[in-house]
Amino acid sequence: VSAAPGGSVEAGGSIEVGTASPRAWLVGPRRRLGGARRDPLRWMSFASCALAAAFLAGLLGLLLVQSLPVWRHEGIAGYLLGGRWFYRADTFGVLPMIYGTAVVSAVALVLAVPLGVGAAVFASEVLPPRPRLALKTAVELLAGVPSVVYGLLGVLLLRPWIYRLLRPFDPLSGDTLLTGGVLLAVMVLPTVTTFSEDALRGVPAAQRRAARGLGLSRAATALRVVLPQALPGLVAAILLALGRALGETIAVFLVIGRRDNQLPEHWLSAEPLVRSTHAGQTLTTKLGGSETFLAWGDPLHWAAIAGLGLVLLALVGGVTMVGAVLVRRSGGKGGFHAARR
Amino acid sequence: MSTRNAMNRLGPLLTIGFALTLVACGGGSGSGDKMAADPSGSGTADGSAVLRVNGSTTVNPVVTKAAEILHAERGMNITVDTQGGSSGGIAALGEGRVEVAMSSRPVIGHDHTTYPKVDFRPVRIGADAVALAVNKDVWDGGVHALSRQQTQAIYEGKVDNWSAVGGPDEPIVFYDKEPGRGTWEVFAHWAYGNPDDAPLVSHLEIGSNEEGRTKVSSTPGAITQLSFAWTDRKTVFPLAVVTDEGQTVAPTPATVADGSYPISRQLLVITDGAPSPAAKELIDFLLSPRGQQVVRDAGYVPLAAEKGVAATGETAAAGTGAAAASAPAAGS
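Residues numbered from 1 in each chain as written. Chains lettered and ligands numbered in written order. Predicted model: local features only at pLDDT ≥ 70, side-chain atom pairs only at ≥ 80, totals over all residues. Heavy atoms only, no water.

Caption draft 1: View of the pairing of strand 12 (residues 264–272) of chain B. Residues and elements named next belong to chain B. In terms of burial, strand 12 is a largely internal element, 8 of the 9 residues being buried. The sheet contact formed by strand 4 (residues 120–135) and strand 12 spans 9 bridges and is antiparallel. The residue of strand 12 that forms the bridge with Pro 122 is Ile 270. (Buried < 20%, exposed > 50% of the residue type's maximum accessible area, 1.4 Å probe, protein only. Helix = DSSP H or I, 4+ residues; strand = E, 2+ residues; numbered from the N terminus. Pairing = 2+ DSSP bridges.)

In structure tokens form, the structure reads like this:
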């Protein structure tokens, strides 16, 4: 965008540059950008925004292009629904990893949601403001603990504990999908708690006063009045927790066993949870393993790994988007910051 | 003021332009030999010559580290490359493209027929050994050795209880080293002759040596392939190997160093005839206590048992009998 010399003289003539000179011409454009129509805040923030969007688009495009060979080799259904992954035989099927991801995340939510929502109800409906804030701070600190720390605790404490717990089922070791799920439950608990609490606090106090005024007990107020109104926010909290569970890598990596090609005989069988012969692999633990480094240089193998990234991105992205929409619909108190490392 | 402002603004542009010009010129003139400092390439120990090394990726970390130390302390210029692995290194040496080859396999007849005029002189700098490490209860249950056939049967899942190989009635939990690890390659070489021939099986997987030791020591009935240096005989126990000839060989620094323990490979550096002064300086360093410490730091077995170099805790503790007598140090 070039400015006309006349205009620049006019703009530059205000403070230090008194005459129409080449120097004024150099200074001119910058002055004009300072005007109201080209507010620097506006175009700089637009640039940041565009850059962020470009990153996402670039990431998707890159993964898509890089994974093309495997889609051609296996076919879309063959890759997504294939049950066998042997890179030395050029066989790539992702289903066992999708299955592992689903089971681990489901276990995490089943354990974390009742606890997290329960804690949120207590904090929001029972606790006076000061302890509530202390509790909330503590829970949010918990969300900031690096996941590798959780992983170490998982190896040291959870694996042996699960092993003893499952003794009656004759487990091989403490490396099971259940172990990964329980560990994830601990990790997503802060996310569930803090976002649920935000959703509950978002329900106007007048509603509570009205309910109590009508003679409802505290419990009835919480369960019948506050919870239903906060429901979209609660669902959003759960979805955000799910997003974190899907993407979590290193902690799960350390306790899940990382056994390839494990699918249950029956889809609803509980066996994979309790037998480490049925320990599994999630999308993230596969990506976090050594194959990612091995694959570089072999276009097909690399494409298969890039495909894992694409599937994972689609899963997490989809869940996060639904969660974000629900948060917005529920009033969006507390903003949208997934508690990640 | 404004003039200077303008210059300041132009400054970076000028600099970038200048740098680009330099890069362009450099690209043009440097298109020949990258290591133009010494076109002859013949090694002399005066510090300015370039010593060229090529070969095995297994040996590479040791020699690269040694090259860094020698460059920092004595100003030696050593280029280390890994094109073609062990065979690539031997070929490069045979064709006179390098002064030193790195190899994790011995020089074989084929090399001599391909390069009849070359006097291959291998020097052993250490060994890479893999133990079949088991949980304490397996060891206490009476399993102290496995043959190759037994190991294959376990690896392929045909045998899934320790009682089948003389141990307690307890399921076998096989933790497989993840693919791409040198440890796995050594194991597959021994068990199946060639990693490409190893069966397509899916076991519980482990990555680092730390993880392997932790999981095997905490899981009853567990076995894994573990880098030899990590078997401490307190939490995890290295099994002996019954060779195809029927001999039982336990992994000790001595049996690893002399090559009688089969799940191992020698780490070699090879010269053509007597080494040049620079090559000799490198090899002497690799054989010195400090060089052997580099070998140990890279996770390999130094020549401690053979050369009388002081052994540190891990290696010594892993040995049996006389080799273990040297006092464990807190070193590594």
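Caption draft 2: Main features of the confidence of the model for chain B. Residue and element names in this part refer to chain B. When the pLDDT values of chain B are averaged, the result is 78; 77% of them are 70 or greater. Predicted confidence for residues 1–47 stays below pLDDT 50, and this span has 29 contacts to residues more than four positions away or in other chains. Overall, residues 306–332 carries pLDDT values under 50, and its contacts beyond four positions in sequence, including any with other chains, amount to 41 contacts. With pTM at 0.71, the complex prediction returns an ipTM value of 0.75. (pLDDT = per-residue confidence, 0-100. Contact = heavy atoms within 4.5 Å.)

Caption draft 3: Structural view of helix 2 (residues 60–74) of chain B. Residues and elements named next belong to chain B. The end-to-end C-alpha distance of helix 2, which contains 15 residues, comes to 20 Å, matching closely the 21 Å that a straight helix rising 1.5 Å per residue would cover. Where helix 2 is concerned, the buried positions are Val 62, Val 63, Ala 66, Ala 67, Ile 69 and Leu 70. Buried residues along helix 2 cover an arc of 165° about the axis, so they all sit on one side. One or two residues past the end of helix 2 sits Gly 75, with phi positive at roughly 70°. (Expected span 1.5 Å × (residues − 1). Arc of directions from axis to C-beta.)

Caption draft 4: Fine view of the nonpolar core. Ranked by size, the top nonpolar core spans 72 residues in total, and within it Val70(A), Tyr79(A), Trp85(A), Phe92(A) and Leu308(A) carry the most contacts. At the level of secondary structure, the elements contributing two or more residues to this core comprise helix 3 (40–74), helix 5 (95–126), helix 7 (147–165), helix 8 (177–201), helix 10 (218–247), helix 11 (250–255) and helix 15 (299–329) of chain A. Excluding residues within four positions of it along the chain, Leu308(A) makes contact with Tyr79(A), Trp85(A), Val94(A), Met97(A), Leu283(A), Lys286(A) and Leu287(A). In terms of nonpolar packing, the next biggest core, distinct from the first, is built from 36 residues, Val130(B), Trp162(B), Trp184(B) and Ala188(B) among them. (Core = buried A, V, L, I, M, F, W, Y, C linked by side-chain atoms within 4.5 Å.)

Caption draft 5: Quick look at the pattern of salt bridges. Considering all chains together, one arrives at 23 salt bridges over all chains under this definition. For Glu291(A), the salt bridge goes to Lys286(A), with nearest N and O atoms at 2.9 Å. Summarising the burial analysis for this pair, Glu291(A) and Lys286(A) share the class buried. Glu95(B) is the partner of Arg97(B) in a salt bridge, and the nearest nitrogen-oxygen pair spans 2.8 Å. You can call Glu95(B) partly exposed: its relative accessible area is 47%. (Salt bridge = Lys/Arg side-chain N within 4 Å of Asp/Glu carboxyl O.)

Caption draft 6: Structural context of the interface of chain B and chain A. Taken residue by residue, the interface counts 29 residues in chain B and 29 residues in chain A. Between chain B and chain A, the buried area comes to about 2,300 Å², and carbon and sulfur atoms account for 51% of it. Contact with chain A buries area across many residues of chain B, yet Leu200(B), Ser202(B) and Leu204(B) alone supply 25% of it, more than any other trio. Put simply, chain B and chain A have 2 salt bridges between them. A salt bridge links Arg258(A) to Glu211(B), with the nearest nitrogen and oxygen atoms 3.0 Å apart. (Buried area = accessible area lost by both parts, 1.4 Å probe.)

Caption draft 7: Representation of the sheet that holds strand 5 (residues 145–147) of chain B. All names here are of chain B. Read from one edge to the other, the open sheet built from 3 strands follows the order 5-10-11, with strand pairing classed as mixed. Either end of the sheet is taken by a strand with one partner, and the two such strands are strand 5 and strand 11 (248–249). Packed onto the sheet, helix 6 (residues 148–155) meets strand 5 and strand 10 (240–242) and runs at close to 85° relative to strand 5. (Axes fitted to C-alpha atoms, helices over the stretch in contact; angles between N-to-C directions.)

Caption draft 8: Spatial organisation of the pairing of strand 8 (residues 222–227) of chain B. Residue and element names in this part refer to chain B. Counting buried positions along strand 8 yields 6 of 6 residues, so the element is predominantly enclosed. By the alternation rule, side chains of strand 8 split into Ala 222, Thr 224 and Leu 226 and Ile 223, Gln 225 and Ser 227, which are all buried. By the bridge criterion, 5 bridges tie strand 4 to strand 8 in an arrangement that is antiparallel. When the sheet's bridge partners are listed, Leu 132 is paired in strand 8 with Gln 225. In the sheet, strand 6 (residues 173–177) pairs with strand 8 via 3 bridges, with the strands oriented parallel. Bridge pairing in strand 8 links Tyr 175 to Thr 224.

Caption draft 9: The arrangement of unusual backbone geometry in detail. Phi angles above zero are rare outside glycine, and Asp90(A) is one such case at about 55°. Positive phi is not limited to glycine here, since Arg233(B) has a value of about 65°. Of note, Arg233(B) is situated in the loop between strand 8 and strand 9 (236–238).

Caption draft 10: How the structure looks around the packing of helix 6 of chain B against helix 7 (residues 182–192) of chain B. Residue and element names in this part refer to chain B. Two elements in contact, helix 6 and helix 7, have axes separated by 9 Å at closest approach and are oriented at 115°. For the pair helix 6 and helix 7, the crossing hand works out as left-handed. On helix 7, the residues that touch Arg 148, Thr 151, Gln 152 and Tyr 155 of helix 6 are Trp 184, Phe 187, Trp 190, Ala 191 and Tyr 192. Its residues assigned to classes, the contact of helix 6 with helix 7 comprises 6 nonpolar, 2 polar and 1 charged. (Left-handed = near helix turned anticlockwise from the far one by under 90°. Nonpolar A, V, L, I, M, F, W, Y, C, P; charged D, E, K, R; others polar.)

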